[in-house]
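# Inside the fold
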Amino acid sequence: MKPTLTLEQAFRELARGVEPAAIEVALEQLRPYLSDPAINEAAVQEVLESELSGSYFEDSHFKATASKKLLFDYELSELVCRLLGRAFPPTSFSGPGVIKPLESAAAEETRAHLDKHGFCILPHRLDQATCEEIVRALDRVDFRVKATSEIVRGYQPQNVNRISGNTCWVDDQQQFLQIPQVQQLASDPTILNLIQDYLGCIPIHDQANCWWSINHRTSRRTMKSDAQLYHQDKDFVRFVKVFVHLNDVTDENGPHTYIAGSARDYLQHVPPNYSVGQRLDDDYLQSQYASDRFVTMRGEQGTILLEDTSGFHKGTPVQRGHRLMLQLEYCCSLYGSPGLSFSYDGLTPEYVDFAKQHPRMFMNYDNSRYLRYIAKKRKRPLVDRKRIRHQLRLFGEYLGRLGANTRLKKSA
Ligand SMILES: O=C(O)CCC(=O)C(=O)O
């Protein structure tokens, strides 16, 4: 997509709903950033034009923008967020909420921590009863093993350790979102206000996910596919993930780890020819960052963590037991991603009401897109190539081991 408007024209067009005087003030404030020769104007324009046309709702959008993700470094994504924040002024999220609200000093401290380090752990946890309700509801949710595509019907004690990979993720995010407590979390004002402050614009809900991790294999290939090697997410220009521990997390059951501040300075630390999505070894990153930047997220059930996962992060391989994690994601703009849409099917009236009050936050909810997605899913071939490739690999490894044993026997 080639930008056709100037940056200022695109901004004015996008901010049509804002009072003209406020647009002039915003432009005045933004001019020093906009006139910075280091900023990539065309990239910012492209985001704004995509906002104007809604091109991120087309299947071709992802192909056209995927290669541009590295362009959006911290400063550029900040500028995009500032522009979006002026075009769609932030709201104040309110309501009862599912987590205990923060006192203003604690809110300020948490907000500052997220801003400076790219993550924060909320002072209050999600209460045990709510966690348990979510866990109980998971026995009716379908999961998919990341490495092999095996479908697992429900998170149940007898399934947990029998999966054919290290992690098993929700297969249809709508099904997971239908759990009322997940909707309460997704619309919790304390969480949303913190995310909005970090982004500087209204957050758009784009993910509701859940997965568990076990100790299955430590091959590099499995750890790579299962997000257990350091990587960055570059899902959108800027976005925040909310992680909630649905069981206690210790050093043994695969705590999440994050390199504090790396969302801001990753470009100074990546190897030559680095590409987004590349996995980086612990040794390499330890040579780049001081040890106190590596943060291990242990915590009791209900611990809530907000994180800008465009910084380096990974799940630690599980040694014993398993870890069950819930995840929500919010972005500043749908630009750059195929962003799976949700529908309103099966959601609570309270949540649907909340959605009506916050149209931008819910712009990724759309029945027709969701129905198209479901139709595509139903047409999935019966022969699952990923699964067959995995089985052939296991067979190859088995033959390799057999060969080695035979050679050993012969040489004995
Ligand atoms: O399992 C983990 O802690 C890693 C998750 C992850 O990489 C992600 O959600 O982007």
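The rules behind these values
Residues numbered from 1 in each chain as written. Predicted model: local features only at pLDDT ≥ 70, side-chain atom pairs only at ≥ 80, totals over all residues. Near = placed C-beta within 6 Å. Helix = DSSP H or I, 4+ residues; strand = E, 2+ residues; numbered from the N terminus. Nonpolar A, V, L, I, M, F, W, Y, C, P; charged D, E, K, R; others polar. Pairing = 2+ DSSP bridges. Axes fitted to C-alpha atoms, helices over the stretch in contact; angles between N-to-C directions. Contact = placed C-beta atoms within 7 Å.

We now examine the site of the ligand. Inspection of the region around the ligand gives Ser 213, Ala 227, Asp 233, Lys 241, His 256, Thr 309, His 313, Lys 314, Gly 315 and Gln 327 as its neighbouring residues. Sorting elements by how many residues they give to the shell around the ligand places strand 10 (residues 313–315) first, with three residues. A class-by-class count of the residues in the shell around the ligand yields one nonpolar, six polar and three charged.

Adjacent strands of a sheet form backbone hydrogen bonds with each other and so pair up, either parallel or antiparallel. Here three strands make up an open sheet; going across it, the order is 8-7-10 and the pairing antiparallel. Only two strands of the sheet have a single neighbouring strand rather than two, namely strand 8 (294–297) and strand 10. In this sheet, neighbouring strand axes are inclined to one another by 20° on average, regardless of whether the strands run parallel or antiparallel. Looking at chain direction, strand 7 (residues 256–259) and strand 10 are connected through three bridges and run antiparallel. Paired with Tyr 258 across the bridge in strand 10 is His 313.

Time to look at the sheet that holds strand 11 (residues 323–331). Here eight strands make up an open sheet; going across it, the order is 1-9-6-11-5-4-2-3 and the pairing antiparallel. The open sheet terminates on both sides in strands that have one partner only, identified here as strand 1 (119–121) and strand 3 (151–153). Averaged over all pairs of adjacent strands, the angle between their axes in this sheet comes to 25°, without regard to strand direction. In the sheet, strand 2 (residues 142–145) pairs with strand 3 via three bridges, with the strands oriented antiparallel. Within strand 3, the residue paired with Asp 142 across the bridge is Arg 153. Docked against the sheet, helix 6 (residues 104–117) engages strand 1 and strand 9 (304–307), running at close to 150° with respect to strand 1.

Read these as geometric descriptors, not functional statements.
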